Amino acid sequence: MLDERKKRVLQAVIESYIETGEPVGSRTVSKMQELNFSPATIRNEMADLEDMGYLEQPHVSAGRIPSDLGYRYYIENIMNKPALPQDEMRDLQRLINEKAAQVKELIREIAELYTRLIKYTVFALPVEMSEEI
């Protein structure tokens with residue numbers, strides 16, 4: 001679990017990287033209005049985040065970029081997630097269920113086709129979907 005300062009630095013790096021597509025240095029982060037940390041503090045936090053696997057450094061003189069772990073943490077713990085209205089959630093769940101049924105039917109048809117083509121029994125099992133969105 002990251003402390004609040006690390007979260008804020010990680011958020012600043014990720015949002016800046018998403019916006020610019022360029023590695024983010026401590027100087028860029030220190031200029032952000034909402035952060036009141038010294039450049040040295042930001043450098044230390046970025047180094048810690050890199051050691052923890054949340055940031056990567058493409059090469060020695062570059063700034064940092066988010067790692068897969070960093071993006072995952074951002075999405076799960078930092079990013080503001082707008083809540084969908086209940087009726088939209090129901091519509092989305094219905095659509096997912098319909099598409100899942102179509103995929104299962106397609107898998108069944110492909111298995112039958114392979115059975116006819118290779119004259120052997122074919123087993124095809126779809127992955128079960130979670131009830132949660």
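Structure report, in brief. (Residues numbered from 1 in each chain as written. Predicted model: local features only at pLDDT ≥ 70, side-chain atom pairs only at ≥ 80, totals over all residues. Heavy atoms only, no water.)

Considerations on the overall build of the protein
Here comes step 1: What the protein contains, in helices and strands, is five helices and two strands.
Here comes step 2: N-terminal to C-terminal, the α/β element order of the protein is α-α-α-β-β-α-α.
Here comes step 3: In terms of overall dimensions, the protein is more spread out than a globule: its C-alpha atoms have a radius of gyration of 23 Å, far above the 14 Å expected for 133 residues.
Here comes step 4: By its C-alpha atoms, the protein is 70 × 40 × 25 Å across when sized along the principal axes.
Here comes step 5: Taking all 133 residues of the protein together, the buried fraction comes to 26%.
Here comes step 6: Within the protein, residue pairs in contact and separated by at least 24 positions form 48% of the contacts whose partners lie at least 6 positions apart.
Here comes step 7: A total of about 9,900 Å² of accessible surface is found on the protein, and carbon and sulfur atoms cover 53% of it. (Helix = DSSP H or I, 4+ residues; strand = E, 2+ residues; numbered from the N terminus. Rg over C-alpha atoms; globule rule 2.2 N^0.38 Å. Buried < 20%, exposed > 50% of the residue type's maximum accessible area, 1.4 Å probe, protein only. Contact = heavy atoms within 4.5 Å. Areas by Shrake-Rupley, 256 points an atom, 1.4 Å probe, with all protein chains shown as cover.)

Some points on helix 4 (residues 68–78)
Each α-helix turn comprises 3.6 residues. Residues three or four places apart therefore point the same way.
Here comes step 1: When helix 4 is considered as a whole, its buried residues turn out to be Gly70, Tyr73, Tyr74 and Ile78. Relative to the axis of helix 4, the buried residues are bounded by an arc of 105° and lie together on one face. Within helix 4, the exposed residues directed more than 90 degrees away from the buried face are Asp68 and Arg72.
Here comes step 2: Those residues of helix 4 hidden inside the fold are in contact with helix 1 (4–20). (Arc of directions from axis to C-beta.)

Some thoughts on the pattern of salt bridges
Here comes step 1: This model, assessed by the stated rule, comprises nine salt bridges.
Here comes step 2: Taking the shortest distance from any N to any O, the salt bridge between Glu76 and Arg72 comes out at 3.5 Å. In this pair, Glu76 and Arg72 both sit in helix 4, four residues apart, roughly one turn of the helix.
Here comes step 3: By relative accessible area, Glu76 is classed as partly exposed at 48%.
Here comes step 4: Its relative accessible area of 54% is what places Arg72 among the exposed residues. (Salt bridge = Lys/Arg side-chain N within 4 Å of Asp/Glu carboxyl O.)

So, the nonpolar core
Here comes step 1: Among the nonpolar cores identified, the biggest contains 19 residues, and Leu10, Val13, Val29, Met46 and Leu49 are the most heavily contacted of them.
Here comes step 2: Looking at this core, the elements that each hand over two or more residues are helix 1, helix 3 (39–51) and helix 4.
Here comes step 3: In terms of residue count, the dominant contributor to this core is helix 1 (five residues).
Here comes step 4: Those residues in contact with Leu10 that lie beyond four places of it in its chain are Leu2, Leu49, Tyr54, Leu55, Gly70, Tyr73 and Ile78. (Core = buried A, V, L, I, M, F, W, Y, C linked by side-chain atoms within 4.5 Å.)

Things to note about the packing of helix 1 against helix 4
How two helices sit against one another is set out by the angle between their axes and by the gap between those axes.
Here comes step 1: In the contact formed by helix 1 and helix 4, the axes pass within 10 Å of each other and the chain directions differ by 110°. The pairing of helix 1 with helix 4 is recorded here as roughly perpendicular in orientation. For the pair helix 1 and helix 4, the sense of crossing is left-handed. Packed against helix 1, whose contacting residues are Lys7, Leu10, Gln11, Ile14, Glu15, Tyr17 and Ile18, the element helix 4 presents Gly70, Tyr71, Tyr73, Tyr74 and Ile78 at the interface.
Here comes step 2: In terms of residue class, the contact of helix 1 with helix 4 is built from eight nonpolar, two polar and two charged. (Axes fitted to C-alpha atoms, helices over the stretch in contact; angles between N-to-C directions. Parallel < 35°, antiparallel > 145°, perpendicular 65-115°, else oblique. Left-handed = near helix turned anticlockwise from the far one by under 90°. Nonpolar A, V, L, I, M, F, W, Y, C, P; charged D, E, K, R; others polar.)

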